Amino acid sequence: MNSVAENYLESTKKQFAYYKSLGDKTFAQLSDADIHWQQNEDSNSVSIIVKHIVGNMLSRWTNFLTEDGEKEWRHRDTEFEATYKTKVEMIAAWETGWQCLFDAINPLQADDVSRIIYIRNQGHTVLEAITRQLCHYPYHIGQLVYVAKLIRSDEWESLSIPKGNSATYNSDKFSKEKSKQHFTDDL
């Protein structure tokens with residue numbers, strides 16, 4: 001029988017993978033020009049949001065258990081400057097950030113969740129630190145999706161249950177036997 005900590009780690013990995021997939025599916029609908037579109041001067045483009053997520057990931061997850069999550073080499077303010085020239089370059093950075101995250105969380109064991117790590121000298125249990133990022137990244141990935149929907153307008157392909165299809169989706173779900181599974185298992 002899995003412990004709460006083991007279930008948490010397993011669920012966390014699946015949730016991170018799910019949110020990564022939302023970004024991946026969003027990028028697939030955008031062009032090189034689209035990733036640079038900004039609503040106004042104070043808004044962030046898709047490429048800028050990705051740059052911030054990647055900067056955060058590399059800082060937080062590099063040597064996760066042994067170093068402060070806010071690295072001296074991180075320059076957060078520059079994450080809000082558009083530097084990716086192409087979608088390919090942006091996606092390569094995105095993949096690097098996610099690889100860093102999964103390299104840090106995949107080896108974690110149940111006993112690790114109560115260990116203390118630091119972010120800007122503030123102690124967090126590993127569980128708290130993971131949860132912090134599991135809230136942070138979906139916040140920004142939601143922004144990516146929203147900006148992309150603005151860009152694509154009527155050509156946007158839904159990443160969830162399309163409008164008007166909730167009854168069909170629910171009917172399918174309720175036609176199956178109750179079972180213990182993660183919501184991402186059949187996506």
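In what follows, the structure referred to is the one given above.
Residues numbered from 1 in each chain as written. Predicted model: local features only at pLDDT ≥ 70, side-chain atom pairs only at ≥ 80, totals over all residues. Heavy atoms only, no water.

Draft legend 1. A look at the pairing of strand β1 (residues 116-119). Alternating residues of β1 divide into Ile 117 and Ile 119, all buried, and Ile 116 and Tyr 118, none buried. Two strands pair when backbone bridges link them, and β1 and strand β2 (residues 122-125) are joined in this way by 4 bridges, in the antiparallel orientation. Within β2, the residue paired with Tyr 118 across the bridge is Gly 123. The hairpin formed by β1 and β2 contains 2 residues between the paired strands, and Arg 120 there has a positive phi angle of roughly 55°. (Buried < 20%, exposed > 50% of the residue type's maximum accessible area, 1.4 Å probe, protein only. Helix = DSSP H or I, 4+ residues; strand = E, 2+ residues; numbered from the N terminus. Pairing = 2+ DSSP bridges.)

Draft legend 2. Structural detail: the pattern of salt bridges. Tallied over the full model, the rule gives 11 salt bridges. Taking the shortest distance from any N to any O, the salt bridge between Arg 74 and Glu 70 comes out at 2.9 Å. Since its relative accessible area comes to 7%, Arg 74 is described here as buried. In this structure, Glu 155 engages Arg 152 in a salt bridge whose closest nitrogen and oxygen atoms are separated by 3.1 Å. According to the relative accessible area criterion, Arg 152 is partly exposed, its value standing at 24%. (Salt bridge = Lys/Arg side-chain N within 4 Å of Asp/Glu carboxyl O.)

Draft legend 3. Fine view of the side chain of Lys 87. Along the chain, Lys 87 falls in helix α3 (residues 87-105). Buried charge Lys 87 goes without a salt bridge, the closest partner of opposite sign being Asp 32 at 6.2 Å. Residue contacts for Lys 87: discarding those within four places in its chain leaves Phe 27, Ala 28, Leu 30, Ser 31, Asp 32 and Ile 35. (Lys, Arg positive; Asp, Glu negative; His and termini not counted. Contact = heavy atoms within 4.5 Å.)

Draft legend 4. Structural context of the environment of Thr 78. With respect to the helices and strands, Thr 78 occurs in the loop between α2 (46-61) and α3. Note: C-alpha distance between Thr 78 and His 52 (26 residues apart in sequence) is 8.6 Å.

Draft legend 5. Layout of helix α1 (residues 4-27). Its 24 residues place the ends of α1 35 Å apart at the C-alpha level, agreeing with the 34 Å of an ideal helix rising 1.5 Å per residue. Every buried residue belonging to α1 is among Ala 5, Tyr 8, Leu 9, Thr 12, Gln 15, Phe 16, Tyr 18, Lys 20, Leu 22, Gly 23, Thr 26 and Phe 27, and all of these are buried. Contact partners of the buried residues in α1: α2, α3 and α4 (126-152). (Expected span 1.5 Å × (residues − 1).)

Draft legend 6. Spotlight on the packing of aromatic side chains. Per the stated rule, a full pass over the model turns up 10 aromatic pairs. Judged by centre distance (6.1 Å) and plane angle (85°), the ring pair of Phe 16 and Trp 61 falls under edge-to-face. One end of the pair, Phe 16, is in helix α1; the other, Trp 61, is in helix α2, and 45 residues separate them in sequence. In this structure an aromatic cluster arises from ring pairing among Phe 16, Phe 27, Trp 61, Phe 64, Trp 94, Trp 98, Phe 102 and Tyr 137. (Phe/Tyr/Trp six-rings, centres within 6.5 Å; stacked < 30°, edge-to-face > 60°.)

Draft legend 7. Region of the structure containing the packing of α2 against α4. The N-to-C vectors of α2 and α4 enclose an angle of 165°; their axes lie 9 Å apart at closest approach. In terms of orientation, α2 lies roughly antiparallel with respect to α4. When you trace α2 past α4, the crossing you get is left-handed. When α2 is examined against α4, the residues Val 46, Ile 49, Val 50, His 52, Ile 53, Asn 56, Met 57, Arg 60 and Trp 61 are found in contact with a partner set consisting of Ile 130, Arg 132, Gln 133, His 136, Tyr 137, His 140, Ile 141, Gln 143, Leu 144 and Val 147. (Axes fitted to C-alpha atoms, helices over the stretch in contact; angles between N-to-C directions. Parallel < 35°, antiparallel > 145°, perpendicular 65-115°, else oblique. Left-handed = near helix turned anticlockwise from the far one by under 90°.)

Draft legend 8. Fine view of α4. The end-to-end C-alpha distance of α4 is 38 Å, a good match for the 39 Å that 27 residues give at a rise of 1.5 Å each. Phi for Ser 153, located one or two positions after α4, is positive at around 50°.

Draft legend 9. Representation of a nonpolar patch on the surface in the model. On the surface, a nonpolar cluster with roughly 380 Å² of combined accessible area is contributed by Ile 161, Tyr 169, Phe 183 and Leu 187. Within the element layout of this structure, Ile 161 appears in the loop between α4 and α5 (166-174). (Patch = residues over 30% accessible without salt bridge, like charges linked within 9 Å, V, L, I, M, F, W, Y side chains within 5 Å. Areas by Shrake-Rupley, 256 points an atom, 1.4 Å probe, with all protein chains shown as cover.)

Draft legend 10. Expanded view of the environment of Lys 51. Along the polypeptide, Lys 51 turns up in helix α2. Spatially, the C-alpha atoms of Lys 51 and Ala 82 are 8.1 Å apart, while their sequence positions differ by 31 residues. Every residue in contact with Lys 51, bar those within four places of it in the chain, is listed here: Thr 78, Glu 79, Glu 81, Thr 83 and Tyr 84.

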